[in-house]
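Report on the structure
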Amino acid sequence: MPEGKPKATKTAKQTARTKPEQPVLLSGGNPQIPKGYGDAPVQAYIAAMPGWKSDVGRRLDAIIENAVPGVRKAVKWNSPFYGVADEGMGWFLGIHVFTKYVKVSFFRGAALNPVPPGTSKQKEVRYYDIHEDKLDEKQFADWVRQASRLPGEKM
C-alpha cells in the first residue's frame, strides 16, 4: 500500500443519511431510466420527471390505464411506451420530456380523428405537446382509445 493518508470510509450513520440515487436528467429534463418492461420502470420514469411534468405523467398514465384495460408498459430509450395486451400488436404511443413540455407520440397518429396537431417527418406519426396546465384529458383519452385499436409499432 502506498504511503500517504488512509482512504476515508463512511460510517454507518453517514451511510444511513445518504439519499438514494436519483435518475440522471438528460438534456431537456428527460429522465434516464434503464430499459425495463412492466409498470415499475414506467412509474420510476414518471417519479423522476421534473417539476409539474411528473403530475402530467401521472395523469397521462392513469388516463391510458383507464382507456386501455390491461395496457402493456415499458421504458425503452429513456421513454415510456404503451401497447395493447397482445404482445404481437406493438406499441401505440410513447412519452418524452422536453424543457418546456411533455411530448406524446402517437405512432399511427395520422389515422386518429381529429389528427393530433404535431407533425412529424414520419408520415404516420403525430405528436401532442402538453405544456403546463394545458392537458385536454377528454381529447387525449379519445386519442388513446383510437390509437390502441390500430396496429402498433414494433420496437
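In what follows, the structure referred to is the one given above.
Here the structure is a predicted model, which is why all the values come from computation and not from measurement.

Criteria and thresholds
- Residues numbered from 1 in each chain as written.
- Predicted model: local features only at pLDDT ≥ 70, side-chain atom pairs only at ≥ 80, totals over all residues.
- Heavy atoms only, no water.
- Helix = DSSP H or I, 4+ residues; strand = E, 2+ residues; numbered from the N terminus.
- Polar contact = N/O pair within 3.5 Å; in protein donor to acceptor, adjacent residues only side chain to side chain.
- Contact = heavy atoms within 4.5 Å.
- Expected span 1.5 Å × (residues − 1).
- Buried < 20%, exposed > 50% of the residue type's maximum accessible area, 1.4 Å probe, protein only.
- Pairing = 2+ DSSP bridges.
- Salt bridge = Lys/Arg side-chain N within 4 Å of Asp/Glu carboxyl O.
- Phe/Tyr/Trp six-rings, centres within 6.5 Å; stacked < 30°, edge-to-face > 60°.
- Lys NZ or Arg CZ within 6 Å of the ring centre and 35° of its normal.

1. Focus: the side chain of Lys73
By the element assignment, Lys73 lies in strand 2 (residues 72-76). Separated by 2.5 Å, the side chains of Lys73 and Glu65 make a polar contact. Lys73 has contacts with Tyr37, Gly38, Asp39, Val42, Gln43, Asp61, Glu65, Phe81, Tyr82 and Trp91, leaving out every residue within four places of it along the chain.

2. Digging into helix 4 (residues 137-148)
Because an α-helix packs 3.6 residues into every turn, residues spaced three or four apart end up facing the same way. Relative to the 16 Å expected for 12 residues at 1.5 Å per residue, helix 4 spans 16 Å between its end C-alpha atoms, a close match to the ideal helical length. Of all the residues in helix 4, the buried ones are Gln139, Phe140, Ala141, Trp143, Val144, Gln146, Ala147 and Ser148. Residues of helix 4 that are buried in the fold lie against helix 3 (52-67), strand 4 (91-97), strand 5 (102-106) and strand 6 (126-130).

3. What to know about the sheet that holds strand 6
Strand order in the open sheet made by the six strands is 1-2-3-4-5-6, with antiparallel pairing throughout. The sheet is open, and its two edges are formed by strand 1 (36-37) and strand 6, each paired on a single side. In this structure, strand 3 (residues 79-83) lies alongside strand 4, joined through three bridges in antiparallel fashion. Bridge pairing in strand 4 links Tyr82 to Leu93.

4. Considerations on the pattern of salt bridges
As enumerated under the stated definition, the model contains eight salt bridges in all. The salt bridge involving Asp55 is made with Arg58; its shortest N-O contact spans 2.3 Å. With Asp55 and Arg58 both in helix 3 and three residues apart, this pair spans about one turn of that helix. On the basis of relative accessible area, Asp55 is assigned to the partly exposed category, the value being 47%.

5. A word on the pairing of strand 2
Across the five residues that make up strand 2, a large majority, five, are buried. Where burial is concerned, the two faces of strand 2 agree: the one with Arg72, Ala74 and Lys76 and the one with Lys73 and Val75 are both buried. Taken together, the two bridges between strand 1 and strand 2 define a ladder with antiparallel strand orientation. Opposite Gly36, over in strand 2, you have Val75 as the bridge partner. Sheet analysis places strand 2 next to strand 3, joined by five bridges and oriented antiparallel. Following the sheet pairing, Val75 is matched in strand 3 by Pro80. The hairpin turn running from strand 2 into strand 3, its antiparallel successor, is two residues long, and Trp77 in that turn takes a positive phi close to 50°.

6. Topic: the packing of aromatic side chains
Within this structure, the stated rule accounts for eight aromatic pairs. An angle of 20° between the planes, with centres 5.8 Å apart, marks the rings of Phe81 and Phe107 as stacked. One end of the pair, Phe81, is in strand 3; the other, Phe107, is in the loop between strand 5 and strand 6, and 26 residues separate them in sequence. Overall, the relative accessible area of 6% leaves Phe81 in the buried class. One aromatic cluster is present, built from ring pairs that chain together Trp77, Phe81, Trp91 and Phe107. When the ring centre of Trp91 is taken as origin, the NZ or CZ atom of Arg72, which lies over that ring, is 4.1 Å away.

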